[in-house]
Amino acid sequence: MSDLFKDILHSDESLFLNPQFLDSDFIPPIIKFRENEQQYIAQCIKPILMKRDGKNLLIKGSPGIGKTLASRHVLSELKKDSNDVFCVYVNCWKKDSSFKILNEMCSQLNYKYVFNKSFDVLMKDICALINEKSLVIVLDEIDRLTDNTILYSLLEDIYRKSIIMITNDDEFLSSMDARIKSRMIPETLEFKTYNANEIDSILRERAEYAFVKNVMDDECFELISEKTFEFKDLRTGLFLLKESGEVAESLSSRKITPEHTMKALEKLNASIIKEVNDDNKDVIDLIKLNSGKTTAEIFKEYESKYGKSYRTFQRKIKDLEKMNIITLKELNKGREGRSTVVEFNQKMLADY
């Protein structure tokens, strides 16, 4: 090949070997730096393997730090080890009602039914099937569930089970219906964010499997690892790795360079701006006008203007903090107690 074309990627070539390794839903063979957490989840499930009721578990922590991956990996291993346990995973963001979750359970358990059955009748049928064995069910994004009927049924009507709930909401357990909490008595497992070295190690391993050897410039890893650590969300890094590769391919480059990664970062920033504007514009507009006030003061205006709950407001505040759009500062006012001041990040002002 002449020097003129040596750096040009041909139409039948690709920088990717296994792009699925960069999908956020992909479950790698080993979940690095989450061995202790997986062991804890397994210990909660263990009594089921001895024909006893398992422990229920609430897993909490910020987005993109391995909660879902670790839980699904444990389920996958359980399926290999036992034929006496039904394993079900449901994302409550997508299946946000009891009936939708029940439908998903039927689908995963290959239970065929006529569509005019009521929830109660269908639940009775599926419980009869499950009670022939045992059940481990993971309810991801549990805070998105709009009603609690399915939780009552699982707790009351399944003989041997472990209910594993995953949430980003630190206050979820305190807001749980007291009657459910008293029946469930869940263990709590908190996932801490990855440190910078762990993030770099995970991303490099994923890239090693995903790309052709030596196609990515080391400076790209530094840019991507730094941005991922800033967001404390591994999904950010996976997106940037994949997007960097796709940008390089679109330009027929045989190497992924910092210029390609910078374009990926621009796309990430654009998507964040769109997400913020779509989902959180109401809160942002209030914070812009009330930067420096307390969360209580801003919520009072939010409730008056939009009529939404404190839980919704609190979730949006936490999302904006994670995106570095606002800063929360806790103040100790002595006898008056503690309060949290919200400050808008002025560097972001031009973008929103």
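Just so it is clear, the structure is predicted and the values come from calculations on it, not from any experiment.

About the thresholds
- Residues numbered from 1 in each chain as written.
- Predicted model: local features only at pLDDT ≥ 70, side-chain atom pairs only at ≥ 80, totals over all residues.
- Heavy atoms only, no water.
- Helix = DSSP H or I, 4+ residues; strand = E, 2+ residues; numbered from the N terminus.
- Buried < 20%, exposed > 50% of the residue type's maximum accessible area, 1.4 Å probe, protein only.
- Contact = heavy atoms within 4.5 Å.
- Areas by Shrake-Rupley, 256 points an atom, 1.4 Å probe, with all protein chains shown as cover.
- Lys, Arg positive; Asp, Glu negative; His and termini not counted.
- Charge placed at Lys NZ, Arg CZ, Asp CG, Glu CD.
- Expected span 1.5 Å × (residues − 1).
- Arc of directions from axis to C-beta.
- Polar contact = N/O pair within 3.5 Å; in protein donor to acceptor, adjacent residues only side chain to side chain.
- Patch = residues over 30% accessible without salt bridge, like charges linked within 9 Å, V, L, I, M, F, W, Y side chains within 5 Å.
- Salt bridge = Lys/Arg side-chain N within 4 Å of Asp/Glu carboxyl O.
- Phe/Tyr/Trp six-rings, centres within 6.5 Å; stacked < 30°, edge-to-face > 60°.
- Pairing = 2+ DSSP bridges.
- Axes fitted to C-alpha atoms, helices over the stretch in contact; angles between N-to-C directions.
- pLDDT = per-residue confidence, 0-100.
- Parallel < 35°, antiparallel > 145°, perpendicular 65-115°, else oblique.
- Left-handed = near helix turned anticlockwise from the far one by under 90°.
- Nonpolar A, V, L, I, M, F, W, Y, C, P; charged D, E, K, R; others polar.

### Some words on the overall build of the chain
Across its full length, the chain holds 13 helices and seven strands. In terms of principal-axis extent, the alpha carbons of the chain reach across some 70 × 60 × 40 Å. Expressed as a percentage of the 352 residues in the chain, the buried residues total 45%. Intrachain contacts of the chain at a sequence separation of at least 6 include 71% that bridge at least 24 residues. Here the chain displays about 18,800 Å² of accessible surface, and carbon together with sulfur accounts for 49% of that area. On the chain, the mean spot of the 54 positive side-chain charges and the mean spot of the 59 negative ones are 5 Å from each other.

### A look at helix α9 (residues 218-231)
With 14 residues, α9 extends 20 Å from end C-alpha to end C-alpha; this agrees with the ideal 20 Å at 1.5 Å per step. Taken together, the buried positions of α9 are Cys-220, Phe-221, Ile-224, Ser-225, Lys-227, Thr-228 and Phe-231. Projection of α9 onto a plane perpendicular to its axis shows the buried side chains occupying an angular sector of 165°, all on one side. Residue Asp-217 occupies the N-cap position of α9, its side-chain oxygen lying 2.8 Å from the main-chain nitrogen of Glu-219. A positive backbone phi angle near 55° is found at Lys-232, which sits one or two residues after α9.

### A closer look at a negative patch on the surface
On the surface, Asp-217, Glu-219, Glu-222, Glu-226 and Glu-259 cluster together into a patch of negative charge. Among the elements that take part in the negative patch, α9 stands out by supplying three residues, more than any other. Checked against the element boundaries, Glu-219 lands in helix α9. For Glu-219, a relative accessible area of 42% corresponds to the partly exposed category.

### Topic: the packing of aromatic side chains
Here the distance between the centres and the angle between the planes together describe a pair of aromatic rings. Counted according to the given criterion, the structure contains ten aromatic pairs. Ring geometry for Phe-299 and Tyr-302: centres 6.4 Å apart, planes at 40°, overall tilted. Linking Phe-299 with Tyr-302, this pair stays in helix α12 (residues 295-306), spanning three residues, or about one helical turn. Take Tyr-302: its relative accessible area is 0%, and that puts it in the buried class.

### Let's talk about the sheet that holds strand β2 (residues 85-91)
Read from one edge of the open sheet, five strands run β2-β3-β4-β1-β5, paired in parallel fashion. Across the chains shown, the open sheet's two edge strands, defined by having one partner strand only, are β2 and β5 (187-190). Sheet twist, expressed as the average angle between the axes of neighbouring strands with direction ignored, equals 15°. In the sheet, strand β1 (residues 57-60) pairs with β5 via four bridges, with the strands oriented parallel. When the sheet's bridge partners are listed, Lys-60 is paired in β5 with Glu-190.

### Overview of the pattern of salt bridges
Two side chains with opposite charge may pair up if their charged atoms get near one another. Overall, the coordinates contain 24 salt bridges when judged by the stated rule. For Arg-311, the salt bridge is made with Asp-169, and the minimal N-O distance between the two is 3.7 Å. With Arg-311 in helix α13 (residues 310-322) and Asp-169 in the loop between β4 (161-167) and α6 (172-175), this pair connects stretches of sequence that are 142 residues apart. Owing to a relative accessible area of 35%, Arg-311 belongs among the partly exposed residues under this scheme. Given a relative accessible area of 13%, Asp-169 falls into the buried group. The closest approach of N and O atoms between Arg-235 and Asp-233, which form a salt bridge, is 2.9 Å. Taking relative accessible area as the criterion, Arg-235 reaches 41% and is therefore assigned partly exposed. One connected set of salt bridges, linked through shared partners, spans Asp-200, Arg-204 and Asp-218.

### Describing the confidence of the model for the chain
Across the chain, the average pLDDT comes to 90, with 93% of residues at 70 or higher. Counting contacts from residues 1-5, a segment whose pLDDT is below 50, to residues more than four positions away or on other chains yields three contacts.

### Some points on the packing of helix α1 (residues 35-45) against helix α2 (residues 67-81)
Their axes nearest at 9 Å, the elements α1 and α2 cross at an angle of 50°. The angle between α1 and α2 places the two elements in the oblique class. Seen from above, α1 lies across α2 with right-handed handedness. Residue-level inspection shows Gln-38, Ile-41, Ala-42 and Ile-45 of α1 in contact with α2, the latter providing Ala-70, Ser-71, His-73, Val-74 and Leu-78. Counted by class, the contact of α1 with α2 contains six nonpolar, three polar and no charged residues.

### Section: unusual backbone geometry
Excluding glycine, a negative phi dihedral is what most residues carry, and trans is how most peptide bonds are arranged. You will see that Asn-110, though not glycine, has its phi angle at about 55°, which is positive. By the element assignment, Asn-110 lies in the loop between α3 (98-108) and α4 (119-130).

### Quick notes on the environment of Gly-61
With respect to the secondary-structure elements, Gly-61 resides in the loop between β1 and α2. Since its relative accessible area comes to 6%, Gly-61 is described here as buried. For the pair Gly-61 and Glu-190, spaced 129 residues apart in sequence, the C-alpha to C-alpha distance is 5.7 Å. Residue contacts for Gly-61: discarding those within four places in its chain leaves Lys-67, Thr-167, Asn-168 and Phe-191.

### Here's the deal with the side chain of Ser-153
As for its placement among the helices and strands, Ser-153 is situated in helix α5 (residues 149-157). By relative accessible area, which is 10% here, Ser-153 ends up buried. Those residues in contact with Ser-153, other than ones at most four positions away along the chain, are Phe-119, Met-123 and Ile-158.

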